[in-house]
Amino acid sequence: MGRMTASPGRRVLLAAPRGYCAGVDRAVIAVEKALEQYGAPVYVRHEIVHNKYVVQTLEKKGAVFVERTEEVPPGNIVMFSAHGVAPVVHEEAARGRLATIDATCPLVTKVHKEAVRFAQEDYDILLIGHEGHEEVIGTSGEAPDHIQLVDGPEDVAKVEVRDPSKVVWLSQTTLSVDETMETVDALKEKFPQLMSPPSDDICYATQNRQLAVKQMGAEADLVIVVGSRNSSNSKRLVEVAKLAGARAAYLVDFADEIDETWLEGVTTIGVTSGASVPEVLVEQVLEWLARRGFEDVEIVKAAEESITFSLPKELRRDLREEAAALVAERGGAGASGADSGK
């Protein structure tokens, strides 16, 4: 390829950490392992993680993505995505005679448990998050009578509680730290006795990726965030970059979505990726930029990440046999051949 020579002064700042967090890594591997272990199809309720490329890659391997549990034929395996599901979804799966694999991120599960505990203690729970986001739907479903959604500081005015001395906040794990604390501060003004969760629920990965972007954004003319439109944490990175001082920041799924006009008058470009983005997509962006004279890459390191989560326990059992047994229990059709394992 005829490369332009690296132009003096042109450089790329590459954020670290970026890309896959431990919860996403675990969920994606869980789908691949389930397909390997049990053969296709493995049904997945909602996108396993919010990334176009990941979903397309897994579909090619035999994963079938569905919006509703009822779409999965009896006697099959259904996997719940990293974002988590409400308890009613587990009930739907049982009614549909499905074997389940739960790939919910352990940090999301922790928030679910907090919701249940505070509801049992009869607290009003104010859940900070974005309306309609899968994680918010799942957490709310743990205690619908006790939870109300607060979607940003502007939502605070309409919040009403039964007893201002028994109020606690929880949050969607993928928000920006600043955004959440702004809402918390507004809530505290209204409810001075507002309790905080036992641990800050914004996940370390969201926090670290934003930290790196803050450092980078201050120096960059342009920031490119690799990630999908429906990925909350990727969209936040664009906002954080702009707030940190980047002149412009854009979200792209793939390198070919970068617009050459963005590069006009630009010498420093920051690059990062959301928590559900495979590194190969970032490499393609770096190659695209290198061909246009941005060959110097400096790493901007904000934190070390070494956390990993073990795989869902269901991958240690023969779920095809379990699924077949669930159908057979009711004397339903479709049990034959379903227990062939692989």
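In this text the structure is predicted, and so the values were computed from the model without any measurement.

What counts, and at which threshold
- Residues numbered from 1 in each chain as written.
- Predicted model: local features only at pLDDT ≥ 70, side-chain atom pairs only at ≥ 80, totals over all residues.
- Heavy atoms only, no water.
- UniProt positions renumbered as here; feature names shortened; annotations may be inferred.
- 1 Å grid on protein atoms, 1.4 Å probe; cavity = no way out; pocket = protein on both sides within 12 Å on 5 of 7 lines; lining within 4 Å.
- Helix = DSSP H or I, 4+ residues; strand = E, 2+ residues; numbered from the N terminus.
- Buried < 20%, exposed > 50% of the residue type's maximum accessible area, 1.4 Å probe, protein only.
- Contact = heavy atoms within 4.5 Å.
- Polar contact = N/O pair within 3.5 Å; in protein donor to acceptor, adjacent residues only side chain to side chain.
- Points joined across faces, edges and corners; volume = space filled by probe spheres on them.
- Nonpolar A, V, L, I, M, F, W, Y, C, P; charged D, E, K, R; others polar.
- Pairing = 2+ DSSP bridges.
- Right-handed = clockwise from strand over helix to strand, strands pointing away.
- Axes fitted to C-alpha atoms, helices over the stretch in contact; angles between N-to-C directions.
- pLDDT = per-residue confidence, 0-100.

Caption draft 1: Broad picture of the UniProt feature "binding site: dimethylallyl diphosphate" (unreviewed entry) in the protein. Mapped onto this numbering, the UniProt entry annotates "binding site: dimethylallyl diphosphate" (unreviewed entry) at H50, H83, H133, S231, S232, N233 and S276. Narrowing the list just given to those that line the largest cavity leaves H50, H83, H133, S231, S232, N233 and S276. Its place among the elements puts H83 in the loop between β4 (77-80) and α3 (87-95). Note on H83: relative accessible area 12%, which makes it buried. Dropping the residues within four chain positions of it, H83 is found in contact with E47, I48, V49, H50, T104, V108, H133, E134 and E135. Here H50 takes part through its side chain, which lies 3.4 Å from a polar atom of the side chain of H83. Considering the arrangement of structural elements, one finds N233 in helix α8 (residues 232-243). According to the relative accessible area criterion, N233 is buried, its value standing at 11%.

Caption draft 2: How the structure looks around empty space enclosed by the protein. Applying the stated criterion to the full structure yields one cavity of 30 Å³ or more. Of the voids in this model, the largest cavity is the one considered here, and its volume is about 290 Å³. Around the largest cavity sit 24 residues that line it, and C21, V24, H83, T174 and N233 are the ones nearest its centre. Taken together, the elements giving at least two residues each to the lining of the largest cavity come down to α1 (22-38), α4 (106-120), α7 (204-217) and α8. Top element by residues in the lining of the largest cavity is α7. It accounts for three residues. Along the lines of polarity and charge, the residues of the lining of the largest cavity split into twelve nonpolar, eleven polar and one charged.

Caption draft 3: The pairing of strand β7 (residues 147-150), seen in detail. For strand β6 (residues 124-128) and β7, the ladder comprises four bridges, and the chain directions are parallel. Of the residues in β7, the one forming a bridge with L127 is L149. Taking the sense of rotation as the criterion, the β-α-β connection linking β6, helix α5 (residues 134-140) and β7 turns out right-handed.

Caption draft 4: View of the environment of N51. Structurally, N51 is set in the loop between β2 (42-45) and α2 (52-61). Along the primary structure N51 and A246 are separated by 195 residues, whereas in three dimensions their C-alpha atoms are 24 Å apart. In this structure, N51 is in contact with S228, D253, S276, V277, P278 and L281, ignoring residues within four places of it in sequence. Within polar-contact distance, the side chain of N51 engages the backbone nitrogen of Y53 at 3.1 Å.

Caption draft 5: How the structure looks around the sheet that holds β4. Strand order across the open sheet formed by four strands is β3-β2-β4-β5, with parallel pairing between neighbours. What marks the edges here is a single partner per strand, and that holds for β3 (63-66) and β5 (99-102). On average, each strand axis in the sheet is inclined to that of its neighbour by 30°, with strand direction left out of account. Inspection of the sheet shows β2 paired to β4 by three bridges, in the parallel sense. Following the sheet pairing, V44 is matched in β4 by M79. Contacts from α1 reach β2, β3, β4 and β5, with the element oriented near 170° to β4.

Caption draft 6: Structural detail: the confidence of the model for the protein. On average, the protein scores 93 in pLDDT, and the residues at 70 or more come to 94%. Within the model, pLDDT remains below 50 along residues 332-342, and this stretch shows 19 contacts once partners closer than five positions in the same chain are excluded.

Caption draft 7: Focus on the environment of K61. Checked against the element boundaries, K61 lands in helix α2. Take K61: its relative accessible area is 45%, and that puts it in the partly exposed class. Measuring from C-alpha to C-alpha, the distance between K61 and P41 comes to 8.9 Å, with 20 residues separating the pair along the chain. Those residues in contact with K61, other than ones at most four positions away along the chain, are E32, L35 and A40. A polar side-chain atom of K61 sits 3.1 Å from a polar atom in the side chain of E32.

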